Amino acid sequence: MENKPPYPLRSVDNALHLLQVLRDQGGLRVSEAAAELGTARSTAHRLLAMLVYRGFAVQDDNHTYLPGPALSAPSLLGGPRMQRLRRALLPHMEALCDRVNESVNLMVRVGTQTRFLATVESHQALHVGDRQGTILPAHLSSGGRALLAELDDAQLASLYLIEDASSTAEPPDTSAEAGDGKISTADFQRLLEGLRGVRKSGYALNLEATEAGICAIGKCAVDRSGQVVGALTIAAPTPRFPRSRISPLAAELRLTIERARQDIDPHIM
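Residues numbered from 1 in each chain as written. Predicted model: local features only at pLDDT ≥ 70, side-chain atom pairs only at ≥ 80, totals over all residues. Heavy atoms only, no water.

A. Geometry of the packing of helix α7 (residues 153-160) against helix α8 (residues 185-201). Between α7 and α8, whose axes approach to 11 Å, the crossing angle comes to 140°. With respect to α8, the element α7 is oriented oblique. Pair α7 / α8 crosses with right-handed handedness. In this structure, α7 contributes Asp153, Leu156, Ala157 and Tyr160 to the contact, and α8 contributes Phe188, Leu191, Leu192, Leu195 and Arg199. (Axes fitted to C-alpha atoms, helices over the stretch in contact; angles between N-to-C directions. Helix = DSSP H or I, 4+ residues; strand = E, 2+ residues; numbered from the N terminus. Parallel < 35°, antiparallel > 145°, perpendicular 65-115°, else oblique. Left-handed = near helix turned anticlockwise from the far one by under 90°. Contact = heavy atoms within 4.5 Å.)

B. How the structure looks around the pattern of salt bridges. Applying the stated criterion to the full structure yields seven salt bridges. With its nearest N and O atoms 2.8 Å apart, the salt bridge here joins Glu102 to Arg245. Of the two residues, Glu102 sits in the loop between α5 (79-100) and β3 (103-110) while Arg245 sits in helix α9 (residues 243-260), which places them 143 residues apart along the sequence. Its salt-bridge partner being Arg261, residue Glu258 comes within 3.7 Å of it at the nearest N-O pair. In this structure Glu258 comes out as partly exposed when scored by relative accessible area, which is 46%. What you see here is one network of salt bridges that share partners, running through Glu102, Arg240 and Arg245. (Salt bridge = Lys/Arg side-chain N within 4 Å of Asp/Glu carboxyl O. Buried < 20%, exposed > 50% of the residue type's maximum accessible area, 1.4 Å probe, protein only.)

C. Geometry of α8. Between its terminal C-alpha atoms α8 stretches 25 Å, which fits the 24 Å expected from 17 residues at 1.5 Å a residue. Within α8, the full set of buried residues consists of Phe188, Leu191, Leu192, Leu195 and Val198. Take α8 and look down its axis: the buried residues cluster within an arc of 115°, on one side only. Away from its buried face, by an angle of more than 90 degrees, α8 presents the exposed residues Arg190, Glu193 and Lys200. Buried residues along α8 sit against α6 (142-148), α7 and β6 (204-207). Directly beyond the C-terminal end of α8, a positive phi value near 90° is found at Gly202. (Expected span 1.5 Å × (residues − 1). Arc of directions from axis to C-beta.)

D. Spatial organisation of the pairing of strand β4 (residues 113-120). Most of β4 sits inside the fold, with eight of its eight residues counted as buried. What sits between the antiparallel neighbours β3 and β4 is a turn of two residues, in which Gly111 has the positive phi angle 65°. (Pairing = 2+ DSSP bridges.)

E. Spatial organisation of helix α1 (residues 10-25). Its 16 residues give α1 an end-to-end C-alpha distance of 22 Å, which sits within 8% of 22 Å, the value for a rise of 1.5 Å per residue. Of the residues making up α1, those classed as buried are Asn14, Ala15, Leu18, Leu19, Val21 and Leu22. Looking down the long axis of α1, one finds its buried residues gathered within 160° of arc, a one-sided arrangement. Away from its buried face by more than 90 degrees, α1 exposes Arg10, Arg23 and Asp24. With its phi angle positive at about 90°, Gly26 sits one or two positions after the end of α1.

F. Quick peek at unusual backbone geometry. The backbone phi angle of Asn101 is positive, close to 60°, even though this residue is not glycine. By the secondary structure assignment, Asn101 is in the loop between α5 and β3.

See below:
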């Protein structure tokens, strides 16, 4: 272990300590976290809440905190390429945010998960906050569904179907907290049907599927050659996401992606 730095940040050290506990022990309650850190329960609760916000922890029905998807997520390959993609798209994301006055995100798919690479936040008092670094199930998020719609049924089956469909074991959790991404055959058929709708409309929706009170619309971003490089999404509080607004937001996404493609080199990915 490295020597303790001369000017340690207690809150950072406590958060990292909790991450190690979650990784090694698999779960803990607020009282246990407070005892582990030697802090008040309120302090431990705030730290755990931030870990949940960033996807490093999830809370079950028994109020136990468990390792979140960010702890088991595979690393993104091609870090410098991702940085170039962010730089190319950020000006267009900022312009889109100014036009629609809602938060705009850039996402990429890693297996059955989508990861937020960048967020441009709306200036409205009530808005969807920064999601950079957050990981969501691809089959639930708008950007993830848009990216999944680019795959054929065989590719989707290799990602999602349980290998032994005849197994009598309890089907896996298909909520946003599920770890391995596998879903039941019935859920897979519903996913295929939903993705056919995405291909037809050209965009995907997330109507509170990943978080209560938040809706989003997503569409694939492409480079100059037409190759998919990620997805852009517009996220808004549910009260500002009526059905009548979906078509105008989809049109703004299409315009942004068409403008942005000229700035994305075909070899960026």
